[in-house]
Amino acid sequence: MPLSRFRVLQVGSGIALDYCGKLFADFGADVVKLEPPGGDPLRSFPPVLENKESGTFAWLNTNKRSVTETPHALEALLPGADLLLDGRALDRSAHPAPSWPDVSHQPSAHPGLATTTISWFGDSGPYANFAATEATARALGGLVALTGRAEGPPTLATDCQSSIIAGLAAFIASAAGLYGRSAGSRRFSVSIHETAVNVAEYEAAVAWDAGTSRRRPGVNRFGRNYPVGIYPTKQGMIGVTIVTPGQWRAICAMLGMPDLAKNPRYALNTDRLANAEEIDALFQPVWTTRTATEWFELALEYKLPMAVVPTMAELLEQTVHRERGAFVPVRIGDAAFEAPVLPQHLTLTPPRAGGTAPLAGEDHAAWFIPPSDRPTGPAPRETLPLKGMRIIDLTMGWAGPTAARHLGELGAEIIKVEACQYPDWWRGTDLRAAFIAEQKYEKIPWFQLMNRNKLDVTLDLTHPDGVALLKRLVADADAVIENYSAEVLRKFGLDYTILKDVKPGLVMLSMPAFGSDNAWSACRGYGSTLEQASGLPTITGFSNDPPTMNQTAYGDPIGGFNAAAALMVALLHKQATGQGQNIDLSQVECMLPLVAPALIEQSATGRTPPRIGNRHPLHVPQGCFRCAGDDAWVAISITSDAMWRAMSTLLGRSDLADLTAPQRRDQEETLEALIAAWTEPRDADEAMSLLQAHGIAAGVVRVPINLVEDRHLVERGFWHRLDRPFIGMHWQSSAAFREGPDACPVRRADPTLGQDNEAILSGRLGLTREEIDRLAAAEVIGTVPKPRRPQSDQ
């Protein structure tokens, strides 16, 4: 197993913590989970199986050992651990009075021990001591405001989602620290809130570009495009994402309405969105003439980004996932069920196919002998852990570029390869002469966010010289990441079978929607397509609404986090053995951990939990409540009887103070109305502050454009102002992880097209002036896109 040489000690309670530990354990690390007497509180997280163990907990803790937390256990384990994962701040009720020192903040006690702490808001800033839940952290992170009914309330996601992403962020940083530990041990921290902002930042960038935030478009509407939504068919549901003019013409033709595409009233996305109900009325009778599977197969022929939107029962039966081993057996005690495998599909060293989770405190573990290669002290702060690593970035859009960005934040050198004929489509798809003349391809805020800390070279890969030069770059690289459509690199002679001979030991990651070499490999997809295909919308939202999608291209950033994690596993294996490998990352599989609790319940019981809107199976009440002002809301989660007593005090209803959770559930609608009456006349920030002062988990539902003004993010230095050619000063976010108290430095703004041609081709590859001039004359390289019709129209 690729991580079998590492020993990981995990303390605390939280889904983010457990998922980070799962990534280590399922790839072979010896992970010991310290649990308080009586067990981790997550052992009661839904679904609870017949043997009274939590299915979600079991899935999160496969292949780990469980030791009851005592001072003696800690003394026996710390000296031999490579890494401490510390999540005690996530659930202070599980650790009200720690009986041992805060090792993660006392480096002198164990100078060679790497540590990663995970918390809701970090250990500094105005929110550091806030009571929090998944709902309130996501609300403050900008991931709630734009989802749900246009009139409100905004829709909260099901639990686990931001915590899973934070667990990935913690793993990426921790793995990078272990990779670079020859320079010394590393101490990282991860904020779930800042991880959420890393997903919401795209919507913030869209708003910066427009100069204003868009409104919540409503259920079964998405962003600025139409049609994007989920529609009932003859059998099952079909997910549709139509963005480009070419796709609009194709879907009209597929539905037998080619003349509709010629109607000038529907020419632009904005026109179609304004007339959405009218077009829905035309399309819906046609959708019901075929099954969802039949429409999906037809969409493959038309090269349209569509997907079957499965229920959890249907998802478990899909042949493509079965053939790829996406669902694996999990056991705890005498209970067994199926759950998602880790999606990091390394072809040489895959993750364990399921496993057994420990019962509370069933193990006795001691590592008295320190690891032979554990550092003797901390690494210098100025030396980033991946310094010296080189990655060739052949990706476009969001998912691939952000994967490379994560490793760039940690010090890897990222060489982004574009072509003047086909630059990254996030620079703009409309490459007509006017667009180029205005240099708009250098002024796209979302491109700037995803491509900081990178070099940029242009190479026309349809030209033999471009192919030859790329191979020379690969020959000096550690890894390649690509997200081209299926078969493109093979046609260029640049797929893994070729490049592994160019660079023995090469790690190469590809990230198609459904993985490679299967019946659905040719499926084209946006981030919304990936979400649709995962079934997540079928468990999100209110029961009387259509399946509800998140209002960002959710699959893209999640694919990026998973790709970076997969690269780190493969690179750690290469570091130890010299072996490279291909990584076949299915971006739909990357979404499956987000539906894990519902999928586990379906597997274990034969039923899926009903959609309950903004309510929560354990936190009663929970919801988004309107505040004073235009579309202003605050998310509130009552997680305990003590928190409810504080809430009843604020409400002036001492007569309700002693209601237990089951009693509150019986009166949930009445209690929600009381809370709504309390919040409605108050400013959202004022309401949050009052609630938090009483220990109640609450968070303002931040609109993404306002995140740059959030006082917590500002005080923690999360936002940066950078200067760049063509645009001047602009906003940059920070990584989801940080080493020490400060945010990861943005060492360089995103590159202009071909900005580093000279430095790379001459300085690295040794080309002469004459050779570079010849390449430019042949348009193999350049710094300006070549005018043509929009990519979407071809």
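Heads up: the structure comes first, above all this text.
Residues numbered from 1 in each chain as written. Predicted model: local features only at pLDDT ≥ 70, side-chain atom pairs only at ≥ 80, totals over all residues. Heavy atoms only, no water.

Engineer: Explain the packing of aromatic side chains to me, and be specific about the residues and the numbers.
Structural biologist: Evaluated as defined, the whole model comprises 22 aromatic pairs. Seen from their ring centres, Tyr231 and Trp287 are 5.9 Å apart, and the 15° between their planes marks the pair as stacked. Here Tyr231 is found in strand E7 (residues 228-232), whereas its partner Trp287 is found in helix H9 (residues 276-287), with 56 residues between them in sequence. For the pair formed by Tyr231 and Trp287, the shared burial category is buried. Summarising the aromatic geometry, the rings of Trp248 and Phe283 are spaced 6.0 Å apart at their centres and angled 40° between planes, so their arrangement reads as tilted. In this pair, Trp248 sits in helix H7 (residues 245-254) while Phe283 sits in helix H9, placing the two residues 35 residues apart along the sequence. (Phe/Tyr/Trp six-rings, centres within 6.5 Å; stacked < 30°, edge-to-face > 60°. Helix = DSSP H or I, 4+ residues; strand = E, 2+ residues; numbered from the N terminus. Buried < 20%, exposed > 50% of the residue type's maximum accessible area, 1.4 Å probe, protein only.)

Engineer: Could you give me a rundown of the sheet that holds strand E6 (residues 187-191), with the residues and numbers involved?
Structural biologist: Here 7 strands make up an open sheet; going across it, the order is E3-E2-E1-E4-E5-E6-E24 and the pairing mixed. Looking at which strands have only one partner, the edges of the open sheet turn out to be strand E3 (65-68) and strand E24 (737-739). The mean angle between the axes of side-by-side strands here comes to 20°, regardless of whether they run parallel or antiparallel. Across 5 bridges, the pairing between strand E5 (residues 114-119) and E6 is parallel. Looking at the pairing, Thr117 lines up with Ser189 of E6. Running at roughly 65° to E6, helix H6 (residues 192-210) makes contact with E5, E6 and E24 of the sheet. (Pairing = 2+ DSSP bridges. Axes fitted to C-alpha atoms, helices over the stretch in contact; angles between N-to-C directions. Contact = heavy atoms within 4.5 Å.)

Engineer: Run through the packing of helix H28 (residues 757-764) against helix H29 (residues 769-777), naming residues and quoting values.
Structural biologist: Running from N to C, H28 and H29 point in directions that differ by 135°, and their axes come no closer than 10 Å. As the angle between them shows, H28 and H29 are arranged oblique. H28 and H29 meet at a crossing whose hand is right-handed. Judged by residue contacts, Glu758, Leu761 and Ser762 of H28 engage Arg769, Ile772 and Leu775 from H29. Taken together, the residues of the contact of H28 with H29 break down into 3 nonpolar, 1 polar and 2 charged. (Parallel < 35°, antiparallel > 145°, perpendicular 65-115°, else oblique. Left-handed = near helix turned anticlockwise from the far one by under 90°. Nonpolar A, V, L, I, M, F, W, Y, C, P; charged D, E, K, R; others polar.)

Engineer: Outline the nonpolar core, listing residues and values.
Structural biologist: Formed by 180 residues in total, the largest nonpolar core has its most connected members in Phe24, Trp248, Met254 and Trp287. For this core, the leading source of residues is helix H5 (residues 161-179), giving 13 residues. Core analysis: the second largest hydrophobic core is formed by 29 residues, Val457, Leu469, Val480 and Ile760 among them. (Core = buried A, V, L, I, M, F, W, Y, C linked by side-chain atoms within 4.5 Å.)

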